[in-house]
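# Tertiary structure, described
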Amino acid sequence: MNPSTRRSKLFLERLAAEVLVGDGAMGTLLYSRGVPLEANFEHLNLVGPEQVRRVHEDYLRAGAQVLETNTFGASSLRLSTIGLEKKVRSINLAGARLARSVAGSDIFVAGSVGPLIRPRGQDRELAPAEKAEVLREQMEALAEGGVDLFVLETFPGLEDLELALALAGELGLPAVAQMAFMEGGVTRDGVSAEKAARRLQAAGASALGANCGSGPRELKGVLARMAAVCDLPLSAYPNSGFPQYHDGRYIYLATPEYFAAAGKEMAEVGAALVGGCCGTTPEHIRALSLALRGVRPGGRVGAGPAEPAEPRPGVPSPEPERTFLSDWGRRPVITVELDPPRGIDCAKVLAGARALAEAGVDAISLAENPLARIRLGNMALARLVQDETGVEAIVHVTCRDRNLLGLHSELMGAHLMGIRNVLAVTGDPVAVGGESGATSVFDLNSIGLLELLSSLNGGRTLFGTELRGRTGFLTGAAFNPNLPSMEGQLRRLEKKVAAGARFVQTQPVYSVQVLETLLEKTAPLGVPVLVGILPLVSERNAEFLHNEVPGITLPEEVRRRMRGKQGEEGVQEGIAIARELIEAGGARVGGYYLMPPFGRVELALALIEVIRRSRP
């Protein structure tokens, strides 16, 4: 039996007989010692190993019996954002060897593996096989470096964690599976403590529990619920309370004494491995070690609180009695996009909305800071449009501008204002607009936003907390048919429909062939698809859209037709191209999403007449 195997076996034996003390936060200490937040902490394993070594040594002296490697974010998925994806193996190998060199043969080394979080603003979902490869690359390097076990931590969802547990089994090492639970004992992905415990035990975890999240008090409640439904050893790595922002930095206010007392309470409800997450220091671990000396994990007692119902993404949204789609299939449904103004004077937009209302448009679609450029808030404008015209508004909601907390609040507020139609979009990154000093958020992508909207329609937050009421949003999704192959976009659209989308608005279409493929491929989804039409007005306009606007591609023939044209000649040619597309679609197209450029509502009015003439 090699040394690592002996230590792994000994770890499991001791976990069953006593409470082991883990270490505390790595990033908190590195930051307090001068490493800037924008630095990559994991890269220090290669470029600043002594700084990492000193943190391990300080936790060892404080009484930690399990040292975690400095590799939480050392997957290719995370490292690729800073160009270090080729160094995954070397960073993880160095991280394992650094911890091992400090731990010696008496202290356990846990390979830290964090969740597979996509880089912000990236929409593409990784297939399970791709995720497994990302995890395998990191975990194999940690195993080679001599870790005794894995700590799989801060995972929001079960599927990725189950993949990691399977890989740990293949590598022959025990794994502690930890999820991050929010208020109410559910993860960000809506997984309850009870469901997590059952699934993770079945997936082969050696121990399971929670880390990070809302602090010691909430985490203790999570452990009690887990203890009621499983018999595995439990682990707990809470934050040092809630952080407060002071003088340019986040300060965690829980004292070492309070933290140690909370750790002892966690041991009493069954925790066999207790350490610290964000904000904890060697002082916290020293106090914890003294409090847990000679303590055994508490026995499992009774059934915990009833498992809360979990949000059910994809449940059809309760719709109002009549919506802008109510006449779908009987006549062409027409929505028109208007951009909110760059300032606070919305007279022009409201005048355009009134003209569209008189023309009988079904809904007015209001973009949110398109191309990541500052404009008037579309929710307040939507309320004005509805009040002044009686026409329903569709508000675009992006994931770029608000965090998950803000999205919940804004959407509940939108419902209160009488807004019922929401188009969920990921949004262009701030880099597109170049608004200096602004940052992109992207806590969710468009699919996650649709799941949030479906949860609110079901009367719960995305975390499962009861709302004491429910929203009534009719939710929509965007679709880009202008790629060489639509297959990837179609797979995403299927996921959007499964997450709750009840209508689709497409990017502008300029090719009859693309239109025919679009209609054929989206028909099986069974949701209304409004075909995007953006009339061109000049060669310059056409080239700008083709070369600079994400999601818009013009066929070479269309670009040729617009070449050299401007003024009234350009407008007429653009209308002619749009008219030919509308006529080619005929009765197969159930609705259109018109996007008049530069707020020129008269172009939308002209196309409305074309649509009505084509469908008597």
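Because the structure is predicted, anything quoted here is derived from the model rather than measured.

## Thoughts on the overall build of the chain
Secondary structure assignment for the chain yields 23 helices and 18 strands. Its C-alpha radius of gyration of 28 Å places the chain within 12% of the 25 Å reference for a compact globule of 616 residues. Along the longest, intermediate and shortest principal axes, the C-alpha atoms of the chain span 85 × 50 × 45 Å. Here the chain holds 616 residues, and the buried ones make up 55% of them. Summarising the internal contacts of the chain: among those between residues at least 6 apart in sequence, 78% fall at separations of at least 24. With an accessible surface of roughly 25700 Å², the chain has 52% of that area assigned to carbon and sulfur atoms. A distance of 2 Å separates the average location of the 66 positive side-chain charges in the chain from that of its 71 negative side-chain charges.

## Re the packing of helix α10 (residues 216-227) against helix α11 (residues 256-268)
Each pair of packed helices can be described by the angle between their axes along with the distance between the axes. Between α10 and α11, the shortest axis-to-axis distance is 10 Å and the interhelical angle comes to 5°. Comparing the axis directions of α10 and α11 gives the class roughly parallel. Contact residues: α10 offers Pro216, Leu219, Lys220 and Leu223, while α11 offers Tyr258, Phe259, Ala262, Glu265 and Met266. Looking at the contact of α10 with α11 residue by residue, the classes come out as seven nonpolar, no polar and two charged.

## Some words on the environment of Asp23
With respect to the helices, strands and loops of the structure, Asp23 is situated in the loop between β1 (20-21) and α2 (27-32). Sequence-wise, Asp23 and Ser289 are 266 residues apart; in three dimensions their C-alpha atoms are separated by 9.8 Å. Residues within four places of Asp23 in sequence aside, it is in contact with Tyr59, Ala64, Val66, Leu67, Glu68, Tyr237, Gly275, Gly276 and Ile285.

## Quick notes on the sheet that holds strand β5 (residues 175-179)
Within the open sheet, the eight strands sit side by side as β1-β10-β7-β6-β5-β4-β3-β2. Their pairing is parallel. If you trace the sheet from one side to the other, it starts and ends with β1 and β2 (66-68), each paired once. Relative to β5, strand β4 (residues 149-155) runs parallel, the two sharing four bridges. Paired with Phe155 across the two strands is Met179, which belongs to β5. Docked against the sheet, helix α1 (residues 3-17) engages β1, β2, β3 (108-113), β4, β5, β6 (207-212) and β10 (271-274), running at close to 95° with respect to β3.

## Observations concerning the sheet that holds strand β17 (residues 529-533)
Strand order in the closed barrel formed by eight strands is β11-β12-β13-β14-β15-β16-β17-β18, with parallel pairing between adjacent strands. Averaged over neighbouring strand pairs, the angle between their axes works out to 25° when direction is ignored. Direction of pairing for strand β11 (residues 333-338) relative to strand β12 (residues 363-366): parallel, over a ladder of four bridges. Bridged to Val336 within β12 is Ile364. Here helix α17 (residues 446-457) sits on the sheet in contact with β13 (392-398), β14 (421-425) and β15 (474-479), set at roughly 150° to β14.

## A word on unusual backbone geometry
One non-glycine residue, Ala372, lies in positive phi territory at about 60°. Checked against the element boundaries, Ala372 lands in the loop between β12 and α14 (378-389). Residues other than glycine seldom take positive phi values, yet Phe598 does so here, at roughly 55°. Residue placement: Phe598 occurs in the loop between β18 (591-594) and α23 (601-614). Judged by its relative accessible area of 60%, Phe598 is exposed.

## As for the side chain of Ser511
For Ser511, the location among the structural elements is in the loop between β16 (503-508) and α19 (512-522). Taking the relative accessible area as the measure of exposure, Ser511 reaches 16% and is therefore buried. A polar atom in the side chain of Ser511 sits 3.2 Å from the backbone nitrogen of Val514. Setting aside its immediate chain neighbours within four residues, Ser511 contacts Pro555 and Leu581.

## Observations regarding the pairing of β11
Burial within β11 is extensive, with six of its six residues counted as buried. As for the winding sense of the linkage, the β-α-β connection from β11 through helix α13 (residues 347-358) to β12 is right-handed.

## Examining the side chain of Thr154
Tracing the backbone through its elements, the reader meets Thr154 in strand β4. Take Thr154: its relative accessible area is 18%, and that puts it in the buried class. Of the polar contacts made by the side chain of Thr154, one reaches the side chain of Asn211; its length is 2.7 Å. Those residues within four positions of Thr154 in sequence are excluded, and the remaining contacts are Phe72, Pro115, Gln178, Met179, Ala180, Asn211 and Cys212.

## As for the pattern of salt bridges
Per the counting criterion, the structure on display carries 33 salt bridges. With a closest N to O distance of 3.1 Å, Arg53 and Glu50 form a salt bridge. Remark: Glu50 and Arg53 occur in helix α4 (residues 49-62); sequence separation between them is three residues, near one turn of the helix. Residue classification places Glu50 among the partly exposed residues on the basis of a relative accessible area of 42%. We note a salt bridge from Arg460 to Glu466, for which the minimum N-O separation is 2.5 Å.

## Comments concerning the packing of helix α9 (residues 193-202) against α10
Viewed as axis vectors pointing N to C, α9 and α10 meet at an angle of 50°, and their least axial separation amounts to 8 Å. As far as their axial angle goes, α10 and α9 are oblique. In terms of crossing hand, the pair formed by α9 and α10 is right-handed. When α9 is examined against α10, the residues Ala193, Glu194, Ala196 and Ala197 are found in contact with a partner set consisting of Val222, Arg225 and Met226. By residue class, the composition of the contact of α9 with α10 is five nonpolar, no polar and two charged.

## Remarks on the environment of Ala207
With respect to the helices and strands, Ala207 occurs in strand β6. Separated by 29 residues in the primary sequence, Ala207 and Gln178 have C-alpha atoms spaced 8.5 Å apart. Apart from the residues within four sequence positions on either side, Ala207 is in contact with Leu15, Ala175, Val176, Ala177 and Pro233.

## Here's the deal with the confidence of the model for the chain
For the chain, per-residue confidence averages 89 on the pLDDT scale, and 91% of positions sit at 70 or higher. Low pLDDT, under 50, characterises residues 243-251; the predicted model gives this stretch 13 contacts beyond four residues in sequence or across chains. Predicted confidence for residues 302-320 stays below pLDDT 50, and this span has 49 contacts to residues more than four positions away or in other chains.

What counts as what
- What you see as residue numbers is a count from 1 along each chain, following the sequence as written.
- With pLDDT at 70 or above as the cut-off, local features in this predicted model cover only qualifying residues; side-chain atom pairs require 80 or more to be listed or tallied, and sums for whole chains, interfaces and linings still use all residues.
- Side-chain measures here rest on the full set of heavy atoms in the structure, leaving out hydrogens and waters.
- Segments assigned H or I by DSSP are reported as helices when at least four residues long, segments assigned E as strands when at least two residues long, and all are numbered from the N terminus.
- Restricting the calculation to C-alpha atoms gives the radius of gyration, and the globule rule supplies 2.2 Å times the number of residues raised to the power 0.38.
- The classification of residues rests on relative accessible area computed with a 1.4 Å probe and restricted to protein chains. Under 20% of the type maximum is buried, over 50% is exposed, and intermediate values are partly exposed.
- Two residues qualify as a contact provided that any one of their heavy atoms is within 4.5 Å of a heavy atom in the partner residue.
- Accessible surface area values rest on a Shrake-Rupley calculation with a 1.4 Å probe, where residue burial reflects the displayed protein chains alone.
- Counting rule for charge: Lys and Arg are taken as positive, Asp and Glu as negative, and neither His nor the chain ends is counted.
- Charge coordinates come from a single atom per side chain, which is NZ of Lys, CZ of Arg, CG of Asp or CD of Glu.
- To obtain each axis, a line is fitted to C-alpha atoms, and for helices this fit is confined to the stretch in contact; angles are then taken between N-to-C directions over 0 to 180 degrees.
- Reported orientations rely on four angle classes, namely roughly parallel under 35 degrees, roughly antiparallel over 145, roughly perpendicular from 65 to 115, and oblique for the rest.
- Note on residue categories: nonpolar means Ala, Val, Leu, Ile, Met, Phe, Trp, Tyr, Cys or Pro, charged means Asp, Glu, Lys or Arg, and polar means any other residue, Gly included.
- The criterion for strand pairing is that DSSP finds at least two bridges linking the strands in question.
- Polar contact criterion, stated in full: a pair of N or O atoms within 3.5 Å, where within protein one must be able to donate a hydrogen and the other to accept it, and residues adjacent in sequence count only if both atoms are side-chain atoms.
- With strands facing away from the observer, any crossover in which the path from the first strand over the helix to the second runs clockwise is taken as right-handed.
- Should a side-chain nitrogen of Lys or Arg be within 4 Å of a carboxyl oxygen of Asp or Glu, the pair is scored as a salt bridge.
- If you view the pair so one helix is near and one far, a crossing is left-handed when the near helix is turned anticlockwise from the far one by less than a right angle, and right-handed when it is turned clockwise.
- On a scale of 0 to 100, pLDDT captures the predictor's confidence in every residue.

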